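# Residue-level structure breakdown
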Amino acid sequence: MLFSTLARNRTLFARRATLATTSTTSQQQLRQKSSSPIPAPVLSKWYSIFGKSTIGYATWLVGGIIVAEGLTGMLGDAFWGSVNHGRTFDTVDWSKFKTDDEEEEEEEEEEEEEEEGAGDEEGDDDDDDDDE
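What counts, and where the lines are drawn
Residue numbers run consecutively from 1 along every chain, following the written order of its sequence. Given that the model is predicted, a residue must reach a pLDDT of at least 70 before its local features are reported, and side-chain atom pairs must reach 80 or more before they are shown or counted; all residues, however, enter totals for whole chains, interfaces and linings. Each side-chain value is derived from all of the structure's non-hydrogen atoms; neither hydrogens nor water enter the calculation. Secondary structure elements follow DSSP: runs of H or I of four or more residues count as helices, runs of E of two or more count as strands, with numbering from the N terminus. Buried, partly exposed and exposed residues are distinguished by accessible area as a fraction of the type maximum, computed with a 1.4 Å probe on protein chains only: under 20%, between the cut-offs, and over 50%, respectively. Computed by Shrake-Rupley with a 1.4 Å probe, the accessible areas treat only the displayed protein chains as cover when residues are assessed. Pairs were defined over the aromatic rings of Phe, Tyr and Trp, the Trp ring being its six-membered one, requiring ring centres within 6.5 Å. Orientation was assigned from the angle between planes: stacked under 30 degrees, edge-to-face over 60, tilted for the rest. Only residues whose relative accessible area exceeds 30% and that form no salt bridge enter a patch; like-charged residues are grouped when within 9 Å of one another, and nonpolar side chains (Val, Leu, Ile, Met, Phe, Trp, Tyr) when within 5 Å. Take a side-chain nitrogen of Lys or Arg and a carboxyl oxygen of Asp or Glu: if they are within 4 Å of each other, that pair is a salt bridge.

## Section: the overall build of the protein
- A count of helices and strands for the protein gives four helices and zero strands.
- Evaluated residue by residue, the protein yields a buried proportion of 2% over its 132 residues.
- Carbon and sulfur atoms make up 57% of the accessible area of the protein, which amounts to about 12,300 Å² in all.

## Topic: the packing of aromatic side chains
- Within the structure shown, the criterion is met by six aromatic pairs.
- Pairing Trp46 with Trp60 gives two aromatic rings, centres 5.5 Å apart and planes at 80 degrees, and the pair type is edge-to-face. With Trp46 in helix α2 (residues 40–51) and Trp60 in helix α3 (residues 54–83), this pair connects stretches of sequence that are 14 residues apart.
- Considering the side-chain rings of Trp94 and Phe97, the 5.7 Å spacing of their centres and the 50 degrees angle between planes classify their relative orientation as tilted.
- We classify Trp94 as partly exposed; its relative accessible area is 47%.
- Here the aromatic cluster, defined as three or more aromatic residues joined through ring pairs, consists of Trp46, Phe50, Tyr57 and Trp60.

## Comments concerning a nonpolar patch on the surface
- Where nonpolar side chains cluster on the molecular surface, the patch consists of Tyr57, Trp60, Leu61 and Ile65 and spans about 410 Å² of accessible area.
- For Ile65, the location among the structural elements is in helix α3.

Here you go:
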């Protein structure tokens, strides 16, 4: 029994030593992997501007959300426009749907506008004489 207790203690001690060296090695690897791609002076400056106070950080978050939303909206609209080109009201060539009747109506409207314009000019002259 004495020997089995000693053997058990040695096994536990060996396991603890192995775990300690493994955890130290993994902590060193984690430190090496967690080095930031952003330089320390940039992070320090950011912290001094936005990170020190709650209101500064909240401002940073709100500004970031607004900018991200704007970019997402612009990219989404650009994608939608490229996929649906020629299918939306803005991109349809409406001249293809013109008929002869519509052209005649437009000509009549233009003639009426010209006649009304000529009548207004004569009336304007009379008003100018009254002012003098």
